[in-house]
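Reading the structure
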Protein chains: 2
Amino acid sequence: MDGADARERALDAAERLFYARGVKSVDMDDIRAASGVSLKRLYQVFPAKERLVEACLERRDVQWRARLAAYVDGRTEPQERVLAVYDWLREWFGEDGFRGCAWINAYGELGATSEAVAAQVRAHKEAFRGYLGALVADAGLPAALTGPLFLLAEGAMVRAGVTGSTDPAAEAREAARVLLSRSR
Amino acid sequence: MDGADARERALDAAERLFYARGVKSVDMDDIRAASGVSLKRLYQVFPAKERLVEACLERRDVQWRARLAAYVDGRTEPQERVLAVYDWLREWFGEDGFRGCAWINAYGELGATSEAVAAQVRAHKEAFRGYLGALVADAGLPAALTGPLFLLAEGAMVRAGVTGSTDPAAEAREAARVLLSRSR
DNA sequence: TGGAGCGGAGAACGGTCGTTCTCCATCTGG
DNA sequence: CCAGATGGAGAACGACCGTTCTCCGCTCCA
């Protein structure tokens, strides 16, 4: 196992554990046990737990947005592409072990004490909002729609996380559809 | 200082500190120092930190919903009462030290490890959603509007918490107004 | 006035956890 | 086959923190 391999294994294990149990209730030995990467190597690659947390959020951001974009790219009609965001949310909400939005959760846990984490949450949410804004623009819809569409998506993530249901995605989709049709 | 007074002082200090810094980064001695209630008395009233956390959330739930209801009761026209929720959100978001929704934050920090906290978050959100549903019914609007209106409010809380801006409240209000008018 | 109890300050205890260190087995090149 | 490097297992260290305990001063009533 070389350094890059150890890094991936550590990130896989850490991301899974942090998301499932929260950052502070996972200790470095849990990550060692789950990843098979020794503590010595872990600290060679990530000099502190906080670096590991940040690397997890960073990698997850890239992957999350890529998965969303790949799903949306399965649609061609511009307004359908906007609504596809909510269809993808429903798929995400239905995944095993779904526990809400990792960034919203991280903000609740660490946002007040780690400026680095708070900044990553802001960056992730801005990136998502920017993507939504691009879909809105591509559909020739007014830019003012982006805000409400984003709020519906955020609200759906929170409610799905708290209740464990996928329904909020459908609710948000229907509300989005009404707002879109209203703008025609 | 009697027991009831100590309880109130402890709750005041704990709620403020927990909200500002997160539960896990506030220790019992911080609460003792901020409240002036000795550790011995603190543990007489709340036998464990977790009980104190739960008591904070419980009291805050009652107060939060009372403040919202008092604001809404300043309006008489039924549809205006629905929209008043978002006006109140804007006031809340603008308060000094606003750091997002305490329940969403608590869910992110403790939801995965404390079933009691998770249940309180669900209960609070259901209560808020139920109140919104009653406003919708009183306005003679279709019950199906409640879901989207709730998601807009939740999304606004998250975005306001992360960005520190009050704008999400106005965005949510405008989207809500469109959804309402669309249902006439 | 005195002793009995109440309450506060803060030390102490026990457990947890981030981080580092020790020791040993296994490789590698000569 | 050997000297040195590498890396793993897990002990050790030090800090933090929830919770309890000790000690002492105060009060209150007989």
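Parameters and conventions
Residues numbered from 1 in each chain as written. Chains lettered and ligands numbered in written order. Predicted model: local features only at pLDDT ≥ 70, side-chain atom pairs only at ≥ 80, totals over all residues. Heavy atoms only, no water. Helix = DSSP H or I, 4+ residues; strand = E, 2+ residues; numbered from the N terminus. Buried < 20%, exposed > 50% of the residue type's maximum accessible area, 1.4 Å probe, protein only. Contact = heavy atoms within 4.5 Å. Areas by Shrake-Rupley, 256 points an atom, 1.4 Å probe, with all protein chains shown as cover. Domains from an automatic or database assignment. Buried area = accessible area lost by both parts, 1.4 Å probe. Salt bridge = Lys/Arg side-chain N within 4 Å of Asp/Glu carboxyl O. Polar contact = N/O pair within 3.5 Å; in protein donor to acceptor, adjacent residues only side chain to side chain. Expected span 1.5 Å × (residues − 1). Near = heavy atom within 4 Å. Nonpolar A, V, L, I, M, F, W, Y, C, P; charged D, E, K, R; others polar. Phe/Tyr/Trp six-rings, centres within 6.5 Å; stacked < 30°, edge-to-face > 60°. Lys NZ or Arg CZ within 6 Å of the ring centre and 35° of its normal.

1. Some thoughts on the overall build of chain A
What chain A contains, in helices and strands, is nine helices and zero strands. Oriented by its inertia axes, the alpha-carbon framework of chain A measures out at about 60 × 30 × 30 Å. Counting the 184 residues in chain A, one finds 53% classified as buried. If you take every contact in chain A between residues at least 6 apart in sequence, the share linking residues at least 24 apart comes to 67%. Looking at chain A as shown, the accessible area adds up to about 7800 Å², and 49% of this sits on carbon and sulfur atoms.

2. Topic: the domain arrangement of chain A
Residue and element names in this part refer to chain A. Here chain A is partitioned into domain 1 (1–47) and domain 2 (50–182). Computed over C-alpha atoms only, the centres of domain 1 and domain 2 are separated by 26 Å. Listed as interface residues are 16 residues of domain 1 and, on the opposing side, 16 residues of domain 2. The junction of domain 1 with domain 2 conceals about 1400 Å² of combined surface from both sides, 64% of it contributed by carbon and sulfur atoms.

3. Some thoughts on the interface of chain A and chain B
With 38 residues of chain A in contact, the opposing surface of chain B contributes 38 residues. Of the roughly 3300 Å² buried between chain A and chain B on both sides combined, carbon and sulfur atoms contribute 65%. When the buried surface of chain A facing chain B is broken down by residue, L151, R159 and V162 of chain A rank first, second and third, together holding 19% of it. At the boundary of chain A with chain B, the tally comes to four salt bridges. Measuring nitrogen to oxygen at the nearest pair gives 2.9 Å for the salt bridge that ties R159 of chain A to E126 of chain B. At the junction of chain A and chain B, the tally comes to seven residue pairs in polar contact (both at pLDDT 80 or more). Elements that contribute at least two residues to the side of chain A that touches chain B include exactly helix 1 (3–21), helix 6 (102–110), helix 7 (115–138), helix 8 (146–163) and helix 9 (167–182) of chain A. Here the side of chain A that touches chain B takes 12 residues from helix 8 of chain A, the largest share from any one element.

4. Regarding helix 4 (residues 49–72) of chain A
Note that an α-helix has 3.6 residues per turn; residues three or four places apart therefore point the same way. In a regular helix each residue adds 1.5 Å, so 24 residues correspond to 34 Å; helix 4 of chain A covers 35 Å between its end C-alpha atoms and thus fits that length. As for helix 4 of chain A, its buried residues are in contact with helix 1, helix 2 (28–35), helix 5 (78–93), helix 6, helix 7 and helix 8 of chain A.

5. Some thoughts on the environment of L52 of chain A
Residues and elements named next belong to chain A. Within the element layout of this structure, L52 appears in helix 4. As a C-alpha pair, L52 and M28 span 24 residues in sequence and 9.9 Å in three-dimensional space. The residues contacting L52, other than those within four sequence positions of it, are L11, A14, F18, M28, I31 and F46.

6. Quick notes on helix 1 of chain A
Residue and element names in this part refer to chain A. End to end, helix 1 covers 26 Å across 19 residues, agreeing with the expected 27 Å (1.5 Å per residue, within 8%). Restricting attention to buried positions, one finds in helix 1 the residues A6, A10, L11, A13, A14, E15, L17, F18 and Y19. Elements that come into contact with the buried residues of helix 1 comprise helix 2, helix 3 (39–45), helix 4 and helix 6. Within two residues after helix 1, G22 carries a phi angle of roughly 90°, on the positive side.

7. Things to note about the protein's contact with DNA strand D
Around DNA strand D, the neighbouring residues are S38, K40 and R41 of chain A together with V26, D27, M28, L39, K40, Y43, A48 and K49 of chain B. Among atoms of DNA strand D positioned within 4 Å of the protein, sugar and phosphate together represent 58%. In the environment of DNA strand D, a phosphate oxygen lies 2.8 Å from a nitrogen or oxygen atom belonging to the backbone of M28 of chain B. When residues of the surface near DNA strand D are traced back to their parent elements, those giving at least two are helix 3 of chain A together with helix 3 (39–45) of chain B. By residue number, the principal contributor to the surface near DNA strand D is helix 3 of chain B, which donates three residues. The class makeup of the residues in the surface near DNA strand D is five nonpolar, one polar and five charged.

8. Some words on the packing of aromatic side chains
Residue and element names in this part refer to chain A. For the structure shown, the criterion picks out 18 aromatic pairs over all chains. Residues W64 and W88 carry aromatic rings whose centres are separated by 5.2 Å and whose planes lie at 80° to one another, so their mutual orientation is edge-to-face. Of this pair, W64 sits in helix 4 while W88 sits in helix 5, and the two are 24 residues apart along the sequence. Owing to a relative accessible area of 3%, W64 belongs among the buried residues under this scheme. Seen from their ring centres, W64 and W103 are 6.0 Å apart, and the 70° between their planes marks the pair as edge-to-face. Of this pair, W64 sits in helix 4 while W103 is found in helix 6, placing the two residues 39 residues apart along the sequence. Pair check on accessibility: W64 and W103 agree, each one buried. The residue whose ring lies beneath R60 is Y19, and the NZ or CZ to ring-centre distance is 4.4 Å.

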